[in-house]
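An overview of the molecular structure
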Amino acid sequence: MTSIDLSEDPLALDRQVCFALSVASRSVIAIYRPLLEPFGLTHPQYLVLLALWERSPRSVRDLGQTLRAEPATLSPLLKRLEALGYVSRQRSASDERALAVSLTAKGRRLRREAEKIPYRVVERLGMEVAELEQLHAVLTRVIEATR
């Protein structure tokens with residue numbers, strides 16, 4: 001087994017992966033806040049819509065698996081999205097225990113406006129798309145390693 005060298009102080013805050021991820025996450029989500037506000041959306045609600053723009057309808061269970069979120073976390077998000085008119089929720093005809101979430105016409109129209117958001121985020125970050133793609137690949141590896 002190879003030894004792991006974590007420097008003289010393995011507890012130095014500025015060397016902690018968890019700290020860097022936490023600050024980066026909060027900072028990037030803060031960039032989204034003013035972009036989503038005109039639509040009445042929070043970042044978690046935006047993530048739900050991204051999943052639904054890929055495929056709709058989806059079960060709450062499928063959304064939870066895709067977003068790695070618990071149903072108890074999703075329920076208030078979905079209620080708020082429904083109140084905004086972006087989604088509808090209905091019991092599945094084939095399984096009454098399952099709740100199907102679908103985009104409404106308003107939710108589908110929102111996608112055209114939302115397509116501008118990633119471009120604004122990239123501009124705001126001031127990074128090359130290739131750098132962000134590399135970062136995404138590394139973060140995906142981190143996510144897979146924690147499963």
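Structure: above.
No experiment lies behind these values; they were computed from the predicted model shown. The written sequence of each chain sets the order in which its residues are numbered from 1. Confidence filtering applies because this is a predicted model: local features only for residues at pLDDT of at least 70, side-chain atom pairs given and counted only at 80 or more, and all residues used for totals across whole chains, interfaces and linings. Side-chain numbers come from the whole structure's heavy atoms, not from hydrogens or water.

1. A closer look at the side chain of Gln45
How we decide: Only DSSP runs of H or I with at least four residues qualify as helices, and only runs of E with at least two residues qualify as strands; both kinds are numbered from the N terminus onward. N or O atoms within 3.5 Å of each other form a polar contact, as long as, within protein, one can give a hydrogen and the other can take it, and as long as residues adjacent in sequence are counted only when both atoms are side-chain atoms. The contact criterion used is simple: two residues touch if any of their non-hydrogen atoms lie within 4.5 Å.
With respect to the secondary-structure elements, Gln45 resides in helix α2 (residues 43-54). Engagement of the side chain of Gln45 in a polar contact is seen with the backbone nitrogen of Thr42, the distance being 2.8 Å. Setting aside anything within four residues of it in sequence, one finds Gln45 in contact with Gly40, Leu77, Arg80 and Leu81.

2. As for a positive patch on the surface
Heads up, the rule is: Here, patches come from residues exposed beyond 30% relative accessible area and free of salt bridges, joined within 9 Å for like charges and within 5 Å for nonpolar side chains (Val, Leu, Ile, Met, Phe, Trp, Tyr). Surface accessibility in these figures is a Shrake-Rupley result with a 1.4 Å probe; residues are shielded only by whichever protein chains are displayed. Salt bridge, as applied in this entry: a Lys or Arg side-chain nitrogen positioned within 4 Å of an Asp or Glu carboxyl oxygen. The charge count includes Lys and Arg as positive and Asp and Glu as negative, but it does not include His or the ends of the chains. A single reference atom marks each charge: NZ on Lys, CZ on Arg, CG on Asp, CD on Glu. Here the term buried applies to any residue with accessible area under 20% of the maximum for its type, exposed to any over 50%, and partly exposed to those in between, with areas from a 1.4 Å probe on protein chains only.
A grouping of Lys106, Arg108, Arg109 and Arg112 is seen on the molecular surface, where their side chains present a positively charged patch. Structurally, the position occupied by Lys106 is in helix α5 (residues 105-114). For Lys106, a relative accessible area of 38% gives the class partly exposed.

3. Considerations on the packing of helix α1 (residues 17-36) against helix α6 (residues 117-125)
How two helices sit against one another is set out by the angle between their axes and by the gap between those axes. The criterion, for reference: Under this scheme, a helix contributes an axis fitted over its contacting stretch, all axes are lines through C-alpha atoms, and angles between N-to-C directions fall in the 0 to 180 degree range. For classification purposes, an angle smaller than 35 degrees is called roughly parallel, one larger than 145 roughly antiparallel, one from 65 to 115 roughly perpendicular, and anything else oblique. What makes a crossing left-handed is the near helix being turned counterclockwise from the far one by less than a right angle; a clockwise turn instead makes it right-handed. Residues are grouped as follows: Ala, Val, Leu, Ile, Met, Phe, Trp, Tyr, Cys and Pro are nonpolar; Asp, Glu, Lys and Arg are charged; every other residue, Gly included, is polar.
It is at 10 Å that the axes of α1 and α6 come closest, and there the two elements cross at 135 degrees. Considering the angle they form, α1 stands oblique to α6. By crossing handedness, the relation of α1 to α6 is classed as right-handed. Residues Val28, Ile31, Tyr32, Leu35 and Leu36 of α1 pack against Ile117, Arg120, Val121, Arg124 and Leu125 of α6. Here the contact of α1 with α6 is built from residues that sort into eight nonpolar, no polar and two charged.

Everything listed is a geometric property; what it means functionally is a separate question.
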